[in-house]
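Results of the structural survey
Take a look at the letters that make up each chain.
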Amino acid sequence: STQSTGSNEFFVQCLLLHPVVKMSKAKRKKPQRSGSNVFAIFDQQQIQEFKEAFKIIDQDRDGFISEKDLKDMWASLGVIKDDAFLSEMMKDASGPLNFTKFLTFMGEKLQNTDTDDTLTSAFQTFDDANTGLV
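Procedures and definitions
Every chain's residues receive numbers from 1 upward, in the order its sequence appears when written. Confidence filtering applies because this is a predicted model: local features only for residues at pLDDT of at least 70, side-chain atom pairs given and counted only at 80 or more, and all residues used for totals across whole chains, interfaces and linings. In computing side-chain values, all of the structure's heavy atoms are included and hydrogens and water are not. By definition, any uninterrupted DSSP run of H or I lasting at least four residues is a helix, any uninterrupted run of E lasting at least two residues is a strand, and each is numbered from the N terminus. Only protein chains enter the accessibility calculation, which uses a 1.4 Å probe; a residue is then buried when its area is under 20% of its type maximum, exposed when over 50%, and partly exposed in between. For this analysis, residues touch if any pair of their heavy atoms sits within 4.5 Å. Per-residue and other accessible areas follow the Shrake-Rupley method at a 1.4 Å probe size, with only the shown protein chains counted as cover for residues. Scored between 0 and 100, pLDDT is the confidence that the predictor attaches to each residue. Note on geometry: axes are lines fitted to C-alpha atoms, helical ones only across the stretch in contact, with angles between N-to-C directions running from 0 to 180 degrees. In a left-handed crossing the near helix is turned counterclockwise from the far helix by less than a right angle, and in a right-handed crossing that turn is clockwise. When residue character is reported, Ala, Val, Leu, Ile, Met, Phe, Trp, Tyr, Cys and Pro are called nonpolar, Asp, Glu, Lys and Arg charged, and the others, Gly included, polar. By arc we mean the arc of the directions from the helix axis to the C-beta atoms, nothing more. When a carboxyl oxygen of Asp or Glu lies within 4 Å of a side-chain nitrogen of Lys or Arg, that pair is called a salt bridge.

Here the focus is the overall build of the chain. From N to C terminus, the chain includes six helices and zero strands. From first element to last, N terminus to C terminus, the chain shows the α and β order α-α-α-α-α-α. Relative to its 134 residues, the chain shows a buried fraction of 32%. Considering only intrachain contacts with a sequence separation of at least 6, the fraction spanning at least 24 residues in the chain is 59%. Total accessible area on the chain stands at roughly 8,500 Å², and carbon and sulfur atoms take up 53% of it.

Below, the structure is given as structure tokens:
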């Protein structure tokens, strides 16, 4: 059920659901582990996009994402989530998330995802008539 959706999917859901955040289609480098500098795994445009997403999620503008921010952000999208759902989303964090922790979290979650080219190629495999639809 969607109630058991974990925090692993949360931030991706937020980025996809919120109309203000539009991740660019520019060729982006894949997140890679690079020592302790989390800012080295993304290019400047990606970091800016994550900053915008962070600001949207940080509803009270205190520089941290808390369960209350999550609840308010979901409510702003017209979705009511209960406290258990919100706690599940925050379970990977050791408390409220500042931007550096948020960026680290996103790097870890995106590290093993496929590139846009790989995904496009996979969908084209099923689009025999080249309609852009599956």
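Structure shown, so let's carry the discussion forward.
All right, on to the confidence of the model for the chain then. Of the residues in the chain, 69% have a pLDDT of 70 or more, and the chain-wide mean is 75. The least confident element of the chain is helix 1 (residues 7-17), whose mean pLDDT is 53; the most confident is helix 2 (residues 44-57), at 92. Counting interchain partners and residues more than four positions distant, the pLDDT-below-50 stretch residues 1-8 has 15 contacts. Low confidence marks residues 18-28, where pLDDT is under 50. Its contacts with residues over four positions away, or in another chain, come to 19 contacts.

When two helices pack together, their arrangement is captured by the angle between the axes and the distance separating the axes. Two elements in contact, helix 2 and helix 5 (residues 99-110), have axes whose closest approach is 10 Å; the angle formed by their N-to-C orientations is 115°. The way helix 2 lies across helix 5 gives a crossing that is right-handed. Note on element contacts: helix 5 touches helix 2 through Phe99, Phe102, Leu103, Met106 and Leu110, opposite Ile47, Phe50, Lys51, Ala53, Phe54 and Ile57. By residue class, the composition of the contact of helix 2 with helix 5 is 10 nonpolar, no polar and one charged.

With that settled, consider unusual backbone geometry. The phi torsion at Arg61 lies on the positive side, around 55°, for a residue other than glycine. Tracing the chain through its elements places Arg61 in the loop between helix 2 and helix 3 (67-76). On the basis of relative accessibility, which here comes to 56%, the residue Arg61 falls in the exposed class.

Another point: helix 3. Counting along an α-helix, one turn takes 3.6 residues, and residues three or four places apart therefore face a common direction. Taken as a whole, helix 3 has its buried residues at Asp69, Leu70, Met73 and Trp74. Buried residues of helix 3 fall within an arc of 130° about the axis and therefore sit on the same side. Of the residues flanking the end of helix 3, it is Gly78, one or two places downstream, whose phi is positive at about 80°.

Within the secondary structure, Lys81 sits in the loop between helix 3 and helix 4 (83-89). In this structure, Lys81 is in contact with Lys71, Trp74 and Leu86, ignoring residues within four places of it in sequence.

Attention shifts here to the pattern of salt bridges. Evaluation of the coordinates by the stated rule reveals three salt bridges. For the salt bridge of Asp72 with Lys68, the shortest nitrogen-to-oxygen distance reads 2.9 Å. With Asp72 and Lys68 both in helix 3 and four residues apart, the pair spans about one turn of that helix. Residue classification places Lys68 among the exposed positions, given a relative accessible area of 53%.

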